[in-house]
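Analysis of the macromolecular model
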Amino acid sequence: MDVDPIAAAVAAIVAAQCMESLAYAQRGLGLGVRQDIFAEGGAILRAPQRHRRLVGWVGHAVLAVGIVLLYSLFFAAVGNDHLAWWGLLTGAVHAALGGVVVGAWPDLHPDIPGRLAPPGVFYRHYSRRDVITFCVGHLVFGAVAGTVYAAMHPGLPLSAAL
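Residues numbered from 1 in each chain as written. Predicted model: local features only at pLDDT ≥ 70, side-chain atom pairs only at ≥ 80, totals over all residues. Heavy atoms only, no water.

1. Observations concerning the layout of surface pockets
In this structure, the largest pocket spans a volume of roughly 780 Å³. His 60, Leu 63, Ile 67, His 94 and His 138 are the residues nearest the centre of the largest pocket, which is lined by 33 residues in total. Broken down by secondary-structure element, the contributors of at least two residues to the lining of the largest pocket are α1 (5–28), α2 (37–44), α3 (52–78), α4 (83–104) and α5 (128–152). When residues in the lining of the largest pocket are grouped by element, the largest group, nine residues, is from α3. (1 Å grid on protein atoms, 1.4 Å probe; cavity = no way out; pocket = protein on both sides within 12 Å on 5 of 7 lines; lining within 4 Å. Points joined across faces, edges and corners; volume = space filled by probe spheres on them. Helix = DSSP H or I, 4+ residues; strand = E, 2+ residues; numbered from the N terminus.)

See the structure below:
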């Protein structure tokens, strides 16, 4: 089965919002989650403070599309069946790689010095809640990406999602 870039793009945007909603919901409830991927992304892209979260959101969406295109290549390789479960697996790999990237280059967070400590691998310098939110968020990203991709792909039955 071929890769559908439109299905991948839609799946990516939905999955990225679901992934980040975990952190933002907890922040909104005052639960002490310090990660703010949209503000960080906007800072990485050197956006003015006023537009930082919007630019970060767009940057994160573009990155998510690229990642889900890679996921969809994997989905095609494994036969385009049970994509929510394969998405969960790819989300775990994504979390492992992303967790290292977050900690490996504190320079990716240009506004953090003086305001926040560098996040560390998997955001471990922030809190346990941040680490758990980061890891669970990536699992959610993968499962949602697989499910939405299967639902949007015109050549796949809806049953391919599970």
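There is more to say after this.
2. A closer look at the pattern of salt bridges
Here the structure, examined in full by the defined rule, presents two salt bridges. Asp 36 is the salt-bridge partner of Arg 27, the closest N and O atoms lying 3.4 Å from each other. Residue classification places Asp 36 among the buried residues on the basis of a relative accessible area of 6%. Linking Asp 36 and Arg 53 is a salt bridge whose minimum nitrogen-to-oxygen distance equals 2.3 Å. Here Asp 36 is found in the loop between α1 and α2, whereas its partner Arg 53 is found in helix α3, with 17 residues between them in sequence. Given the relative accessible area of 45%, Arg 53 is considered partly exposed. (Salt bridge = Lys/Arg side-chain N within 4 Å of Asp/Glu carboxyl O. Buried < 20%, exposed > 50% of the residue type's maximum accessible area, 1.4 Å probe, protein only.)

3. Remarks on α4
Compared with the 32 Å implied by 1.5 Å per residue over 22 residues, the 30 Å span of α4 between its first and last C-alpha is a close match. Those residues of α4 not exposed but buried are Leu 83, Ala 84, Gly 87, Thr 90, Gly 91, His 94, Ala 95, Gly 98, Gly 99 and Val 102. For α4, the secondary structure elements touched by its buried residues are α3 and α5. (Expected span 1.5 Å × (residues − 1). Contact = heavy atoms within 4.5 Å.)

4. Digging into the packing of α4 against α5
It is the contact of α4 with α5, at a shortest axis distance of 7 Å, that shows an interaxial angle of 140 degrees. The angle between α4 and α5 falls in the class oblique. Between α4 and α5 the crossing geometry is right-handed. Facing Leu 83, Ala 84, Gly 87, Leu 88, Gly 91, Ala 92, His 94, Ala 95, Gly 98, Gly 99 and Val 102 of α4, the residues of α5 in contact are Phe 134, Cys 135, His 138, Leu 139, Phe 141, Gly 142, Ala 143, Gly 146, Thr 147, Tyr 149 and Ala 150. Residue composition of the contact of α4 with α5, by class: 13 nonpolar, nine polar and no charged. (Axes fitted to C-alpha atoms, helices over the stretch in contact; angles between N-to-C directions. Parallel < 35°, antiparallel > 145°, perpendicular 65-115°, else oblique. Left-handed = near helix turned anticlockwise from the far one by under 90°. Nonpolar A, V, L, I, M, F, W, Y, C, P; charged D, E, K, R; others polar.)

5. So, the environment of Gly 98
Positionally, Gly 98 belongs in helix α4. C-alpha separation for the pair Gly 98 and Ala 9, spaced 89 residues apart in sequence, amounts to 20 Å.

6. Some remarks on the nonpolar core
In a soluble, globular protein the nonpolar side chains are often hidden away together inside. In terms of nonpolar packing, the biggest core is built from 22 residues, with Val 68, Tyr 71, Leu 83, Phe 141 and Tyr 149 touching the most fellow members. Mapped by element, the contributors of at least two residues to this core are α1, α3 and α5. In terms of residue count, the dominant contributor to this core is α1 (seven residues). Those residues in contact with Val 68 that lie beyond four places of it in its chain are Ala 8, Ala 11, Ala 12, Phe 141 and Ala 145. (Core = buried A, V, L, I, M, F, W, Y, C linked by side-chain atoms within 4.5 Å.)

Everything listed here is a matter of geometry and, on its own, says nothing about what the molecule does.
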